[in-house]
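Listed below, chain by chain, are the residues.
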Amino acid sequence: MSVDTYSTAAVAATQLPQVTEPRNAGMPLDLNWVLSAQANTSAIERRAASLPARRSVKKAHQAAWLLKAVTCIDLTTLSGDDTARRVGRLCAKARQPVAASVLDALGMPPITTGAVCVYHEMIAPAVDALRGTGIPVAAVSTGFPAGLSPLPLRIAEIEQSVAAGAAEIDIVISRRHVLEGNWQALYDEMRIFRAACGDAHVKAILATGELGSLRNVARASLVCMMAGADFIKTSTGKESVNATLPVTLVMIRAIRDFYDRTGYRVGYKPAGGISKAKDAITYLALIKEELGDRWLQPDLFRFGASSLLNDIERQLEHHVSGNYSAAYRHPTS
Ligand SMILES: O=C[C@H](O)COP(=O)(O)O
């Protein structure tokens, strides 16, 4: 892979004119397709292990890739002690994630993050703080993170979050349906959640760290897409293992497979534990190689992350000034 593929100009080429992607309408459950999905764990792990080592985005181009990453962040706070004030500060950060002086030095126009992601009770302050910006509010839902509350409550939670102004709903699937191979139940549940979302886009959180195998990840990805998921997302951030490169390979290859067979582009959101700028670049490179530039737009790719922005800001400041600032100078909220 030549370095030019990862040049600043290559990043600029990903700023395609924004076309409205037809929403994934889903399809009937195709069990033959689901059961034929396999995952060669050792090959996947080899490919994933080779990525960070051989990926060399040269210094001059790093800043452009990092700014691209910022535009794809679902800036997240999912803490029991969240308050309207904290969410207000987070939203201020989403509106201006990178200091104007840094953008000026890089010759870049203002940017925003892809979305702000919160619990239901924090939707109202987030919607208020983001009014007029075009930045969507995403809400985690359906008994996040375990997803074990009664189904009618999970459906009502989605409906209330949509009514409160969430434009994106991050639902958690029932892991037991995957672990028991009950693909029909997973499909039916996902269809119900998709319907409850109405016009809001639905991200299906697979909680891959709890699915037992990469093959299960591949199958669950397909089932959720067949049921109409707009995005598939790795993790809640609360599992003991969250986003990883092997899981990412499996999920984005399922996305590619689904696109090849149906023509629907489904988005991808790795989430949980992604906190370093260099890891963000590795993810973007993997998406570029496996899915192509179209998936490097915020309507098809997001990082679910609470602290990634801090490290990206530090790296950008270093790029511009030659000095690293203290992490405390870049509070997210
Ligand atoms: O969906 C987003 C995750 O909960 C964020 O996880 P993180 O706090 O490890 O970045």
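Each value, and the rule that gives it
- Residues numbered from 1 in each chain as written.
- Predicted model: local features only at pLDDT ≥ 70, side-chain atom pairs only at ≥ 80, totals over all residues.
- Axes fitted to C-alpha atoms, helices over the stretch in contact; angles between N-to-C directions.
- Helix = DSSP H or I, 4+ residues; strand = E, 2+ residues; numbered from the N terminus.
- Parallel < 35°, antiparallel > 145°, perpendicular 65-115°, else oblique.
- Left-handed = near helix turned anticlockwise from the far one by under 90°.
- Contact = placed C-beta atoms within 7 Å.
- Nonpolar A, V, L, I, M, F, W, Y, C, P; charged D, E, K, R; others polar.
- Buried ≥ 20, exposed ≤ 12 C-beta atoms within 10 Å, placed from the backbone.
- Arc of directions from axis to C-beta.
- Near = placed C-beta within 6 Å.
- Pairing = 2+ DSSP bridges.

Asker: Quick question: what am I supposed to make of the packing of helix H12 (residues 245–262) against helix H13 (residues 277–290) here?
Answerer: For any two helices packed against each other, the geometry is given by the interaxial angle and the distance between the axes. Running from N to C, H12 and H13 point in directions that differ by 30 degrees, and their axes come no closer than 10 Å. Considered as vectors, H12 and H13 are oriented roughly parallel to each other. H12 and H13 meet at a crossing whose hand is right-handed. Facing Leu245, Thr248, Ile252, Arg253 and Arg256 of H12, the residues of H13 in contact are Tyr283, Leu286, Ile287 and Glu290. When grouped by side-chain class, the residues that make up the contact of H12 with H13 number 5 nonpolar, 1 polar and 3 charged.

Asker: When you look at the environment of proline 145 in this model, what are you seeing that I'm missing?
Answerer: If you trace the backbone, proline 145 turns up in the loop between strand S3 (137–141) and helix H8 (151–163). Judged by the 18 C-beta atoms lying within 10 Å of it, proline 145 falls in the partly exposed class. C-alpha of proline 145 to C-alpha of arginine 314: the two residues are 169 residues apart in sequence and 30 Å apart in space. With residues up to four places along the chain from it excluded, the contact list for proline 145 reads Val172, Thr236 and Lys238.

Asker: Mind showing me how you'd approach helix H7 (residues 123–130) here?
Answerer: Along an α-helix, residues three or four positions apart point the same way, because every turn accommodates 3.6 residues. Taken residue by residue, H7 has Ile123, Pro125, Ala126, Ala129 and Leu130 as its buried positions. Buried residues of H7, seen end-on, are gathered within an arc of 165 degrees and therefore sit on one face of the element. Where H7 is buried, its residues contact helix H5 (84–95), strand S2 (115–118), S3 and H8.

Asker: Can you help me understand the site of the ligand in this one?
Answerer: In the vicinity of the ligand, the residues found are Thr76, Leu78, Cys117, Thr236, Gly237, Ala271, Gly272, Gly273, Gly304, Ala305, Ser306 and Ser307. Here the shell around the ligand is composed, by residue class, of 4 nonpolar, 8 polar and no charged.

Asker: Any chance you could explain the packing of H5 against H7 here in plain terms?
Answerer: Closest axis-to-axis distance for the H5/H7 pair is 9 Å, and the angle between their directions is 35 degrees. In the packing of H5 onto H7, the handedness of the crossing is right-handed. For the pair formed by H5 and H7, the contact residues are Ala84, Val87, Gly88, Cys91 and Ala94 on the first element and Pro125, Ala126, Ala129 and Leu130 on the second. Of the residues contributing to the contact of H5 with H7, the split by class is 8 nonpolar, 1 polar and no charged.

Asker: Sorry, what's going on with the pairing of strand S5 (residues 201–205) here?
Answerer: Successive residues of a regular strand alternate their side chains across the two faces of the sheet. Most of S5 sits inside the fold, with 5 of its 5 residues counted as buried. Of the two faces of S5, both are covered, the one formed by His201, Lys203 and Ile205 as well as the one formed by Val202 and Ala204. As judged from the 3 bridges shared by S5 and strand S6 (residues 231–233), these two strands associate in the parallel manner. By the bridge assignment, isoleucine 205 is partnered in S6 with lysine 233.

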